[in-house]
Amino acid sequence: EIRNPVEYLVKLLETPAFKQNTIDTSWLDGLIKNRSIQGSTVSSQSDSDVVVLSSVVFRSHQLIKAELAKFQDSLAKGQTSIADLKGINSFQQELTVGNVKYLFDVTRASPDRLTLTIN
């Protein structure tokens, strides 16, 4: 039984097989069948921090990816304005986990790097 899918996903990401990229299509099926990953609530501050940081990084990546796709679509239509790109290098992300509200300032340091500042 998976009660908290976010925590379950964090545990999946922390498995040695996932870290070493030795997984295949049957990997998750095997974990579920053998109940190798036990679901529970996020209890420690360390686990909560991992969930918060992972969520903010994922949301930021998705936002940047979507904005770049919109820009590329505009270019394909012959529109050359770069006004929409100004928001992809610095923006805020708000997240609430366990009744705690987090406000991050996200700065895109390079195409594959983000700098996060909290509250």
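Preceding this section is the structure that the text describes.
Definitions and limits used
- Residues numbered from 1 in each chain as written.
- Predicted model: local features only at pLDDT ≥ 70, side-chain atom pairs only at ≥ 80, totals over all residues.
- Heavy atoms only, no water.
- Pairing = 2+ DSSP bridges.
- Helix = DSSP H or I, 4+ residues; strand = E, 2+ residues; numbered from the N terminus.
- Axes fitted to C-alpha atoms, helices over the stretch in contact; angles between N-to-C directions.
- Contact = heavy atoms within 4.5 Å.

Caption draft 1: Main features of the sheet that holds strand β3 (residues 113-118). Taken in spatial order, the three strands line up as β1-β2-β3 in an open sheet, and their pairing is antiparallel. On the outer flanks of this sheet lie β1 (90-97) and β3, each paired with one strand and no other. Pairs of neighbouring strands in the sheet enclose a mean axial angle of 30°, with direction left out of account. Relative to β3, strand β2 (residues 100-110) runs antiparallel, the two being bridged by six bridges. If you follow aspartate 105 over to β3, its bridge partner there is threonine 117.

Caption draft 2: Seen up close, the pairing of β2. Across eight bridges, the pairing between β1 and β2 is antiparallel. From the neighbouring strand, phenylalanine 91 faces β2, where its bridge partner is valine 106. Between the end of β1 and the start of β2, which pair antiparallel, lie two residues, with glycine 98 showing a positive phi angle near 60°. The antiparallel pairing of β2 with β3 creates a hairpin that spans two residues between the two strands.

Caption draft 3: Quick peek at the side chain of glutamine 93. As for its placement among the helices and strands, glutamine 93 is situated in strand β1. The residues touching glutamine 93, leaving out its near neighbours within four places in the chain, are Val56, Arg59, Ser60, Leu63, Tyr102, Leu103, Phe104 and Val106.

Fair warning: the whole summary comes from geometry, so function is off the table for now.
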